[in-house]
Amino acid sequence: MIPKHILSTSQFDLPFIAEFYKQYRNIKKQWTDPKKRASLRHVLDGEIVGSYFWQPSTRTHDSFSIAVQRLGASILEERGIQELDKNGRPTGRYRLVFSSESKKERFSDSVITWAMHKFAIVLRHHEEGFVSKAARILDAHNGSDTHVYNAGDGPGEHPTQALIDLVTLLDFLNVEPDPHCRVACDLSFQFAGDVRFGRTVHSLAPLLGTVFEKPCIHFAAPSDWQYPESRLSRLDELGVRYGFSNRPIESSILYVVRINADDYNDTSSSYPKEFV
């Protein structure tokens, strides 16, 4: 079943992943054939997608924008800036400069307005859970048909990036997921860097447990930046074998995460330079 909104990788079961990968391969093959490429430009013909990014973004913002236009839709965009405190220091909060948010408009009113006449809205926000809140608002508003896509919600999740990372990995391993059974796995996966705030890790780690049979995942980071304990129960449910260390170890697949603490004005400690 295809979810109406994409908010978290916890929404994706094995049949969905298998079908998603199949469609991804079909679209990729179609796009590389000049004679078939034109038909993709009519998939969202006449539709409008809204893109609202409070936090900075390069790859995710451009990826969504390019995908929308290649599928034939139009896109409306707003970008945010970081707020400063009275001393001119970054606060870790962002605001949309040209939105009525600057005039203290309620978020619920903004979301309902953004969704009008749009196929989907793509949101990146600095607060965890903010995108899910937008989805709940729309679902409660006269059964809105507009889709909500999470392009990163603070230190929460980044499910669309995780899907891209997953298909990249499956291509590399030359593995096609089966909708009925997980892939046997003798590989070790490692996430190194800021896995505390790294939302891509929070999305991809459980996704590996969905696709692979009891994968071994290692989190390498200084203690202040380790994988959140609150997220381990999801890995336990999926049968993931995991471990921790304060430095990288040998592994089959290494996924390196940049330091994100500054994005959330975290000053609990400084990131060890020797780890970087």
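As the structure is a computational prediction, the values presented were derived from the model and not from experiment. (Residues numbered from 1 in each chain as written. Predicted model: local features only at pLDDT ≥ 70, side-chain atom pairs only at ≥ 80, totals over all residues. Heavy atoms only, no water.)

K.L.:
Quick one: what's the story with the nonpolar core, residue by residue and with numbers?
P.N.:
Phe191, Leu208, Phe212 and Phe219 are the most contacted members of the largest nonpolar core, which has 47 residues in total. Aside from chain neighbours lying at most four places away, what touches Leu208 is Leu166, Leu169, Phe189, Phe191, Pro215 and Ile217. Counting 18 residues, the second-largest nonpolar core is a separate cluster that includes Tyr52, Leu96, Ala135 and Ile137. (Core = buried A, V, L, I, M, F, W, Y, C linked by side-chain atoms within 4.5 Å. Buried < 20%, exposed > 50% of the residue type's maximum accessible area, 1.4 Å probe, protein only. Contact = heavy atoms within 4.5 Å.)

K.L.:
Which residues make up the environment of Ser63, and what are the values?
P.N.:
Assignment of secondary structure puts Ser63 in helix α3 (residues 59–70). Sequence spacing of Ser63 and Pro34 is 29 residues, and the spatial spacing of their C-alpha atoms is 21 Å. (Helix = DSSP H or I, 4+ residues; strand = E, 2+ residues; numbered from the N terminus.)

K.L.:
Just give me the short version of α3, but keep the residues and values in it.
P.N.:
The first and last C-alpha atoms of α3 sit 16 Å apart over twelve residues, in line with the 16 Å expected at 1.5 Å per residue. Within α3, the full set of buried residues consists of Thr60, His61, Phe64, Ser65 and Val68. Down the axis, α3 shows its buried residues gathered within 130 degrees of arc, on one side only. The positive-phi residue at the C-terminal boundary of α3 is Gly72, with phi of around 95 degrees. (Expected span 1.5 Å × (residues − 1). Arc of directions from axis to C-beta.)

K.L.:
Go over helix α4 (residues 107–115), please, and point to the residues and values.
P.N.:
Those residues of α4 lying buried are Phe107, Ser110, Val111, Trp114 and Ala115. An end-on view of α4 places all buried positions within 125 degrees of arc, on one side of the element. Considering only its buried residues, α4 is in contact with β1 (48–53), β2 (74–84), β3 (90–96), β4 (120–125) and α5 (130–140). Directly after α4, the chain includes His117, whose backbone phi takes a positive value near 65 degrees.

K.L.:
Explain the sheet that holds β4 to me, and be specific about the residues and the numbers.
P.N.:
Pairing is mixed across the open sheet formed by five strands, whose spatial order is β3-β2-β1-β4-β5. Both outer strands of the open sheet, β3 and β5 (147–153), are each paired with one neighbouring strand and no more. Ignoring which end each strand starts from, the neighbouring axes of this sheet average 15 degrees apart. Pairing between β2 and β3: four bridges, direction antiparallel. Within β3, the position partnered with Ile81 by the bridge is Arg95. Each of β1, β2, β4 and β5 touches α3; the most contacted strand, β2, lies at about 165 degrees to it. (Pairing = 2+ DSSP bridges. Axes fitted to C-alpha atoms, helices over the stretch in contact; angles between N-to-C directions.)

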